[in-house]
Amino acid sequence: MKPIYQRPKSLKQVVTHYCPGCTHGIAHRLLAEVIDELGIQGKTIGVASVGCSVFAYNYIDVDFQQAAHGRAPAVATGIKRVLPDRIVFTYQGDGDLASIGAAEIVHAAARGENITVIFINNAIYGMTGGQMAPTSLLGQKTTTSPAGRDARAQGYPLRVSELIATIEGARYVARFSLHNPQNIQRAKQGIKKAFSNQIEGKGFSMVELLSTCSTNWGLSPQNALKWLEENMLPVYPLGEFKGKEGE
Amino acid sequence: MPRVTVFYGLYGSGKSEVAINYAMALLGRGCGVTVVDLDVVTPYFRVRDASESLRKKGIRVLAPADKMQYADLPVLPETVRRVMKTGEGQVVVDVGGDPTGAKVLGGLRDAVPDGSEVFFVVNFRRPFSRTPEEARRSLELVSQSAGIQPTGIVANTHLGYLTEVSHVKDGFRLALELGRKTGLPVRMCAVPSWLRESEAEIFAFTGETPVLWIQRFLLPPWEPPWEDAAW
Amino acid sequence: MSEPVLMKGNEAIAEAAIRAGCRFFFGYPITPQNEIPEYMSKRLPEVGGVFLQAESEVSSINMVYGAAGAGGRVLISSSSPGISLMQEGISYLAGSELPCVIVNMSRGGPGLGGIQPSQADYFQATKGGGHGDYRLIVYGPATIQEACNLMMKAFDVADKYRNPVMVLGDGMIGQMMEPVVFPDTSEVRLPEKPWATTGNEGRKSNLISSIILDPEELDAHNWRLQEKYNRIRENEVMYEVAHGDDSEWFLVAYGTVARICRKVMEQARKNGVKVGLIRPITLWPFPDKAFKDVVHKAKGFLCVEMSTGQMVEDVRLAVNGKAPVYFYGRTGGAVPNPKSVEKRLYEMISGKTPVVSDYWEKRGGGAAE
Amino acid sequence: MEKKVIFHEEYCKSCELCVNVCPKKIIRIKDDLNRQGYHPAFVRDEDQELCISCALCARMCPDAVIEVYK
């Protein structure tokens, strides 16, 4: 029989620490698939950030550096400037990228740094136990917005892709969602494009992936996907904001 | 002799010490002298750091007001424009180093009277002016940035406490070469004052070009002789 | 040996780095060290290197982390407030055992402070300014030639121990000019770095990280680091003692203050007073030995700093109560002048100046002229 | 019998996302526990031929548990 789908080679043969149904696992798998398909495993260097994905290097079998909270784009810049012919990516959550690391991501994009950024947006802090993120939705209850996020007190959700897309140095900026197989397939194509851009030396690419955090959202994995679809998609519209084919 | 003399160049070329000693020489001829400190790029070893001893000697120093003296800001002395346009006596202007420092002069171009002397100070023992060609490029950048063409070159090649006559001689020769490349005259040769004992040897190669003996004013605290009253 | 050149300390440090094979510089502007990035921005492209001005000190030190982890020979420079911002990154570099050279041309603090020379970052540099149990190797050059030589050494030592090395200048050293001769470095060969993240082609994946959640493992990691620091203590201490043989009184100072003290020492000896000078060159590891060698016959040590008294604590630890330790300091950019150091020296000798502990109690650490 | 869909049960965390995307509704949850202590997902041998090899389950699985053949 012909294989239709197999575990990607760049994904280590280990059980992840992620909660059941956590879409980090999907994002990791897509990354590994893309690395395999582009044949770049031996020349790829990942930068893990601080957040639930702090141990990404335990799962994706490439060289890795672990960055301080928010600083992954700076670390990736350092690597890429030393090794311009290698493929460098960061894998960052919303607390890491959109809050503490807001300056680093903006300036890496502004420099047109030839790296690929995978941005996991699950509207909450997962690692530290469900605190409010810059991407938390209005009304969303978190451990630090127990009454629900109130715009007057806590401001508005940050649409990072739209923001980064305004920066001239950014070559490809797109938002996908991991809530069903069709969207997962699209996300993979986006990730592949972001890596291909880097291989071709085109500059900064960022792929935002709407993700779930069933544990901190207090929902079953299945209901978390539904919550994402119903609540996050209206606030975070999907699409390629910059670098569509022919653009 | 024009009323206003401007010194510019790369930083570390010795502009400030040259400007101070030039002012001292003017003072020696009986002129009233004001030194204008336009250096907004260097934080240490500026004319203003010697202002007390200069004032004691009778030289006016125009620098940012006391409060702003140590500010890390591009602050100019308040009355600089008036002093340059209509000030009494001789005005010696020390511009900050590099194209960056020279930009300040660009902003004051209207205040530099026609016929003023504008000297490019060069030390061929400094980075980015090791050869006449390098120095020519630096001169271009500085004068473009200042928006004022130089009228002459001041040869100021030295190696600090290691300076020997041969360094001065070599530097003077390179300055002449820079002069040929740029069509500018070498107007002064600055020489550390402790080489005076070799003045015959020095005059032999400087010929018609006046020698400016340099006594250092901007020194780190361990350098002046123990007896110096400045402490 | 090349021809001497007249250089500002900052330029000389930058050129020395390039000659030591440094090809990567990350930084952010701050006075009084701007000549370093400016020089690097001109010179690095000439030698195929990379100069990058980051958006902040925070970002720049993390670029250093990435570049060092990728096997590059990396330099970063800043001045006091900027170095404060880098502390997190420095802790990560130390924890992940990455080599790099950090220059601090320090200025007066605390807070925004001023831009004039200072030695008030001694604690930050030598005691670990960031979190965790780590050490930097810290050099305190006193001349521009020495700054050059130490810069070159710093890169090798950093690679040898896989540890960040700091060159702690005191502002003055960056801004003054002196003739410099650069040693011949045409033979500089960079060491292999098999641990670097360069892509896992043909080998197992490499990881640069400082996260160790298991307490037993983290404990072991820390003690292993300590073993490394002990090796550094054994092998890398540098200091200079002037007139150690016949002196009873010692001035203690590092950096440019040591040059002021040397002048005072020379003057005192002209007057027949047997004064020596101890000048730590490595501030960490601190040269305890220099004190142990003379403490049995010493009547007193006068530590002079451009701070309210930081290195003096290490002097007291090294002297270990066997002789009185005195202190004289100026801060905020005021530089101790030779005459006031001399005055304090004679006060010490005549028993008129209080030893350090009394001094702090009575004078609040101040140092009025 | 050659299987169209293979579950590497040791990776499974019983999130059931595969169960919901299967158009043929043939993915079930075992009563047994795997090494991690989860009830792993599986397809009964007798249901293998119902599988249309669409691989939606594999695409949805966060733990790369599933291999699909045609």
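Treat the numbers as computed from the prediction; the structure is a model and nothing was measured.

Caption draft 1: Fine view of the overall build of chain C. In terms of regular secondary structure, chain C is built from 14 helices and 15 strands. Scored against the burial criterion, the 369 residues of chain C give a buried share of 63%. Counting contacts in chain C only where the partners sit at least 6 residues apart, residues at least 24 apart contribute 80% of the total. Of the roughly 13200 Å² of accessible surface on chain C, 50% is carried by carbon and sulfur atoms.

Caption draft 2: Here's a closer look at the packing of aromatic side chains. Applying the stated criterion across every chain, the model contains 18 aromatic pairs over all chains. Ring centres of tryptophan 217 of chain A and tryptophan 227 of chain A lie 4.5 Å apart, and the angle between their planes is 50°; on these two criteria the pair is classed as tilted. In this pair, tryptophan 217 of chain A sits in helix α8 (residues 214-217) while tryptophan 227 of chain A sits in helix α9 (residues 221-235), placing the two residues 10 residues apart along the sequence. Between phenylalanine 250 of chain C and phenylalanine 301 of chain C the ring centres are 5.6 Å apart and the planes differ by 20°, which places this aromatic pair in the stacked class. Linking phenylalanine 250 of chain C in strand β11 (residues 249-252) with phenylalanine 301 of chain C in strand β14 (residues 300-305), this pair joins segments that are 51 residues apart in sequence.

Caption draft 3: Spotlight on the interface of chain C and chain B. Listed by partner, the interface residues are 35 residues for chain C and 31 residues for chain B. In this assembly, chain C packs against chain B so that about 3100 Å² is buried in total across both faces, 66% of it on carbon and sulfur atoms. Contact with chain B buries area across many residues of chain C, yet Leu6, Lys263 and Lys339 of chain C alone supply 19% of it, more than any other trio. The partner of arginine 126 of chain B in a salt bridge is glutamate 11 of chain C, and the shortest N-O contact between them spans 2.5 Å. At the boundary of chain C and chain B, one finds nine residue pairs in polar contact (both at pLDDT 80 or more). Among the residues making up the side of chain C that touches chain B, the classes are represented as 16 nonpolar, seven polar and 12 charged.

Caption draft 4: Representation of the pattern of salt bridges. All names here are of chain A. Across all of its chains, the model carries 58 salt bridges over all chains by this definition. Arginine 175 is paired through a salt bridge with glutamate 162; the nearest N and O atoms lie 2.6 Å apart. Residue arginine 175 is found in strand β6 (residues 170-177), and its partner glutamate 162 is found in helix α6 (residues 160-165); the two are separated by 13 residues along the sequence. By relative accessible area, arginine 175 is classed as buried at 0%.

Caption draft 5: Seen up close, the sheet that holds strand β3 (residues 63-66) of chain A. Read across the open sheet, the eight strands follow the order β8(A)-β6(A)-β7(A)-β5(A)-β4(A)-β2(A)-β3(A)-β9(C); overall the sheet is mixed. This sheet does not close on itself; its edge strands, each paired only once, are β8 (239-242) of chain A together with β9 (207-208) of chain C. In this fold helix α7 (residues 181-199) of chain A packs onto β4 (87-93), β5 (116-121), β6, β7 (204-210) and β8 of chain A, with an angle of close to 165° to the strand it touches most, β6 of chain A. Sheet strands in contact with α9 of chain A are β5, β6 and β7 of chain A, and its direction is about 135° off that of β7 of chain A.

Caption draft 6: Region of the structure containing the packing of helix α10 (residues 256-270) of chain C against helix α13 (residues 338-349) of chain C. All names here are of chain C. With their axes 9 Å apart at the nearest point, α10 and α13 run at an angle of 60° to one another. Viewed along their axes, α10 and α13 adopt a mutual orientation that is oblique. Remark: the crossing between α10 and α13 carries right-handed chirality. Where α10 abuts α13, its residues Ile260, Cys261, Lys263, Val264, Gln267 and Ala268 lie against Pro338, Val341, Glu342, Leu345 and Tyr346.

Caption draft 7: Representation of helix α7 (residues 144-161) of chain C. All names here are of chain C. In this model, α7 (18 residues) spans 25 Å end to end at C-alpha, consistent with the 26 Å of a helix rising 1.5 Å per residue. For α7, the buried fraction is high: 13 of the 18 residues fall into the buried class. Looking one or two residues past α7, arginine 162 carries a phi angle of roughly 50°, positive in sign.

Caption draft 8: Here's a closer look at the confidence of the model for chain C. Summary statistics for chain C give a mean pLDDT of 94 and a share of 97% for residues scoring 70 or more. Confidence drops under pLDDT 50 across residues 364-369 of chain C; counting only partners more than four residues distant or on other chains, this segment forms 15 contacts.

Caption draft 9: How the structure looks around the arrangement of the chains. Among three pairs of chains with at least one contact, chains A and C form the most extensive contact set. At their nearest point, the C-alpha atoms of chain A and chain B are still 24 Å apart, with no contact between the two. Contact between chain B and chain D is absent, and the minimum C-alpha spacing across the pair is 55 Å.

Caption draft 10: Representation of the UniProt feature "domain: Thiamine pyrophosphate enzyme TPP-binding" (unreviewed entry) in chain A within the structure. According to UniProt, the feature "domain: Thiamine pyrophosphate enzyme TPP-binding" (unreviewed entry) maps to residues 55-208 of chain A in the numbering used here. Between the C-alpha atoms that bound residues 55-208 of chain A there is a distance of 19 Å. The span itself is 36% helix and 19% strand.

Caption draft 11: Examining unusual backbone geometry more closely. All names here are of chain C. Of note, the bond from threonine 31 into proline 32 is cis; its omega dihedral lies within 30 degrees of zero at 5°. Among the structural elements, proline 32 can be located in the loop between β2 (24-27) and α2 (35-43). Proline 285 follows tryptophan 284 through a cis peptide bond whose omega is 0°. Along the chain, proline 285 turns up in the loop between β13 (282-284) and α11 (288-292). One non-glycine residue, glutamate 97, adopts positive backbone phi at about 55°.

Caption draft 12: Quick look at the domain arrangement of chain C. Residue and element names in this part refer to chain C. Examined at the domain level, chain C breaks down into domain 1 (5-184 + 210-235) and domain 2 (239-363). On a C-alpha basis, the centroid separation for the pair domain 1 and domain 2 is 27 Å. The partner domain 2 presents 25 residues to the 31 residues of domain 1 that form the contact. Note on domain 1 versus domain 2: buried area summed over both sides is about 2300 Å², and carbon and sulfur give 57% of it.

Caption draft 13: Representation of the interface of chain A and chain C. Counting residues at the interface gives 32 residues for chain A, matched by 33 residues for chain C. For the pair chain A and chain C, the summed buried area comes to about 2500 Å², and 59% of that belongs to carbon and sulfur atoms. For the pair chain A and chain C, the number of links is three salt bridges. Glutamate 88 of chain C is paired through a salt bridge with arginine 71 of chain A; the nearest N and O atoms lie 3.7 Å apart. Linking chain A with chain C are 16 residue pairs in polar contact (both at pLDDT 80 or more). Considering every element that reaches the side of chain A that touches chain C, the biggest residue donor is helix α2 (residues 72-82) of chain A, with seven residues. For the side of chain A that touches chain C, the residue count by class is 14 nonpolar, nine polar and nine charged.

Conventions used here
- Residues numbered from 1 in each chain as written.
- Chains lettered and ligands numbered in written order.
- Predicted model: local features only at pLDDT ≥ 70, side-chain atom pairs only at ≥ 80, totals over all residues.
- Heavy atoms only, no water.
- Helix = DSSP H or I, 4+ residues; strand = E, 2+ residues; numbered from the N terminus.
- Buried < 20%, exposed > 50% of the residue type's maximum accessible area, 1.4 Å probe, protein only.
- Contact = heavy atoms within 4.5 Å.
- Areas by Shrake-Rupley, 256 points an atom, 1.4 Å probe, with all protein chains shown as cover.
- Phe/Tyr/Trp six-rings, centres within 6.5 Å; stacked < 30°, edge-to-face > 60°.
- Buried area = accessible area lost by both parts, 1.4 Å probe.
- Salt bridge = Lys/Arg side-chain N within 4 Å of Asp/Glu carboxyl O.
- Polar contact = N/O pair within 3.5 Å; in protein donor to acceptor, adjacent residues only side chain to side chain.
- Nonpolar A, V, L, I, M, F, W, Y, C, P; charged D, E, K, R; others polar.
- Pairing = 2+ DSSP bridges.
- Axes fitted to C-alpha atoms, helices over the stretch in contact; angles between N-to-C directions.
- Parallel < 35°, antiparallel > 145°, perpendicular 65-115°, else oblique.
- Left-handed = near helix turned anticlockwise from the far one by under 90°.
- Expected span 1.5 Å × (residues − 1).
- pLDDT = per-residue confidence, 0-100.
- UniProt positions renumbered as here; feature names shortened; annotations may be inferred.
- Domains from an automatic or database assignment.

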